[in-house]
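For reference, the chains in residue letters:
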Amino acid sequence: MRTLYVSTEVFPALKTGGLADVNAALPSALAALGVDMRLLLPAFPAFSKAATGLQPVAQLAAPMLAAPLRVLRGALEGVPVYLIEAGGLFERDGNPYVDAAGRDWPDNALRFALLGWVAARFADGAIDAWRPDIVHAHDWHAGLAPAYLAARGGDRPGSVFTVHNLGFHGEFAAETFSQLALPPHFFAMHGLEFYGKVNFMKAGLHYADRITTVSPTYAREILQPEFGFGMDGLLRSRAAVLSGILNGVDGAYWNPQTDPHIAAHFNGADLAGKHACNAALRRECGLTASAGPLFGVVSRLTAQKGLDLLLDTLPGLVAAGGQLVVLGSGDAALEQRWQACAASHPGAVSVRIGYDEAFAHRIMAGSDVVLVPSRFEPCGLTQLYALAYGSLPLVRRVGGLADTVTDATAAARASASATGFVFDEASATALGDALKRVFMLWREPKDWARLIAAAMREDFGWAASARRYLALYRELRPQA
Ligand code: ADP
Ligand code: GLC
């Protein structure tokens, strides 16, 4: 089975969110099952620097470019990789999608069309004489790959499109369609046109042979208007080829027994190291010594993550004796609200705006509770990291959060299956009620310890999910 894995972020070279973590782990997990997995990425400087053994393997004339582009082959963290070099389109430092001021690069349509176009050229055997059986494209950035394959027709690879976040569409003015070198009839309702615009997400959803998303619950939710971002009708029409496959945790990297970033190591049988991490985190963040629970947040600060609900509930959390550490970045207005909140709760609330990998690990290890009150959450990884570190997740019952955290109801506690706290309604009241349950359980140390033990017993490794992707590839290409 040969699979070309088309995306834009891979941890640690380049990361803006959980997509990068998935792309760092899933290809290796599939390779371990015998798949000939190769990544296709734009030659962002971070990838060109991190890749080893890069050699040019093809020069291609793309219809949308004046000069030929180059494809280089090498390896990224041990996985074979192809990088696309296209005369400065990708060779820009920083964020892959936006400029230093946070504005979308004006040529994004062309940049990411090219990613999809090159993916489809592999079907011709024109690149490295390697013809994939499957082209697996991720999120809108790679959404045109299935469209170019469909346009090519003939004996072509099967296409799988994975939705990591339906909230980002890759939408461009109608005029950009003429740059894409796709058949004119593709710009239609039954195509990649969406309310008069070109929509890369819709292209992936419409043209892929199979659609997956990153949890079973999110796969159901996106069929409803509430979670569908306007795509729910199309998704309902394609429900027969849509499935949800849960993300996993890279257990070699997120492991409290070996994590190089944390104050002390620990495991489910011996939590002394966790207590040391907790004390170290409170010290590092300038929090006063306290017998109350320490809450942690590691998150993009956007409406998706529901952290405005937490801001509204915070006085109650602090009054009950809780403390909070927040690490995040994103919307300027939310960043400001969080900073103001820290200023008004000195010694109890600590906020760091920015991106800090090592600090994220210290929060996961040192927190008693990790908060993820998302409005929607395709999968979510931080609640999985929290479980692995015995930090009980408090989450909203949506998407992958609903699939991975077992609420501490009386029944779940009795059967020792409870691993955290789950609430339903996206309101400060509902979150506040869940926090009250946290404080009640905090006063029962034996019960609390049982939850930690159950959380740390959970296994969200990649092996099972990789097997499900392989089964999907086999559905499309039984002979491979
Ligand atoms: P999303 O992809 O929607 O942002 P996920 O939970 O899937 O959400 O993944 C988020 C990833 O980004 C996790 O690895 C998390 O630790 C990391 N992360 C988010 N914000 C920060 C930050 N400010 N500093 C360091 N890591 C962060
Ligand atoms: C997206 C989603 C997140 C998911 C990640 C990786 O960024 O918001 O829920 O875990 O992709 O699939």
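What you are looking at is a predicted structure, and each value in this text was computed from that prediction instead of being measured.

Caption draft 1: Structural context of the side chain of His169. Here His169 shows up in the loop between β7 (158-163) and β8 (171-172). Judged by relative accessible area, His169 falls into the buried class, the value being 13%. Within the structure, the side chain of His169 is placed 3.2 Å from the backbone oxygen of Leu166, a separation counted as a polar contact. At 3.3 Å, the side chain of His169 and the side chain of Asn199 are in polar contact.

Caption draft 2: Seen up close, the site of ligand 2. Taken together, the neighbourhood of ligand 2 is formed by 14 residues, with His164, Asn247, Glu377, Cys379 and Gly380 sitting nearest. Side-chain polar atom of His164 to an oxygen atom of ligand 2: 2.6 Å apart, as the coordinates give it. Take Glu377: an N or O atom from its side chain is 2.5 Å from an oxygen atom of ligand 2. Within the complex, 93% of the 310 Å² of free accessible area of ligand 2 lies under protein. Here the shell around ligand 2 is composed, by residue class, of six nonpolar, six polar and two charged. Inspection of the shell around ligand 2 shows a minimum of three residues originating in each of domain 1 (2-248 + 463-476) and domain 2 (272-457).

Caption draft 3: How the structure looks around the environment of Pro68. Looking at the element boundaries, Pro68 is found in the loop between β3 (52-60) and β4 (69-76). Linking Pro68 and Asp459, residues 391 residues apart in sequence, is a C-alpha distance of 47 Å. Dropping the residues within four chain positions of it, Pro68 is found in contact with Gln59 and Leu60.

Caption draft 4: Geometry of the nonpolar core. Residues Leu69 and Trp338 are the most contacted members of the largest nonpolar core, which totals 172 residues. For this core, the element with the most residues is helix α3 (residues 108-121), which contributes ten residues. Counting residues domain by domain, this core receives three or more from each of domain 1 (2-248 + 463-476) and domain 2 (272-457). If we skip the residues at most four places from it in the chain, Leu69 touches Ala58, Gln59, Leu60, Ala62, Ile84, Glu85, Ala86, Leu114, Trp117 and Val118.

Caption draft 5: Fine view of helix α18 (residues 463-476). Between its terminal C-alpha atoms α18 stretches 20 Å, which fits the 20 Å expected from 14 residues at 1.5 Å a residue. Looking at α18, one finds that the buried residues are Ser465, Ala466, Tyr469, Leu470, Leu472, Tyr473 and Leu476. Seen end-on, α18 carries its buried residues on one side only, within an arc spanning 155°.

Caption draft 6: Fine view of the sheet that holds strand β17 (residues 392-396). Spatially, the six strands line up as an open sheet ordered β15-β14-β13-β16-β17-β18, and their pairing is parallel. Unpaired on one side and paired on the other, β15 (349-353) and β18 (421-423) mark the two borders of the sheet. The sheet shows a mean angle of 15° between the axes of neighbouring strands, direction not considered. Relative to β18, β17 runs parallel, the two sharing three bridges. Bridge pairing links Val395 to Val422 in β18. Taken strand by strand, helix α9 (residues 272-284) contacts β13 (294-301), β14 (323-330) and β15, and its axis lies near 65° from that of β13. Packed on one face of the sheet, helix α11 (residues 332-344) meets β13, β14 and β15 and runs near 145° to β15.

Cut-offs used in this document
Residues numbered from 1 in each chain as written. Chains lettered and ligands numbered in written order. Predicted model: local features only at pLDDT ≥ 70, side-chain atom pairs only at ≥ 80, totals over all residues. Heavy atoms only, no water. Helix = DSSP H or I, 4+ residues; strand = E, 2+ residues; numbered from the N terminus. Buried < 20%, exposed > 50% of the residue type's maximum accessible area, 1.4 Å probe, protein only. Polar contact = N/O pair within 3.5 Å; in protein donor to acceptor, adjacent residues only side chain to side chain. Near = heavy atom within 4 Å. Areas by Shrake-Rupley, 256 points an atom, 1.4 Å probe, with all protein chains shown as cover. Nonpolar A, V, L, I, M, F, W, Y, C, P; charged D, E, K, R; others polar. Domains from an automatic or database assignment. Contact = heavy atoms within 4.5 Å. Core = buried A, V, L, I, M, F, W, Y, C linked by side-chain atoms within 4.5 Å. Expected span 1.5 Å × (residues − 1). Arc of directions from axis to C-beta. Pairing = 2+ DSSP bridges. Axes fitted to C-alpha atoms, helices over the stretch in contact; angles between N-to-C directions.

This is a description of form; function is not addressed.
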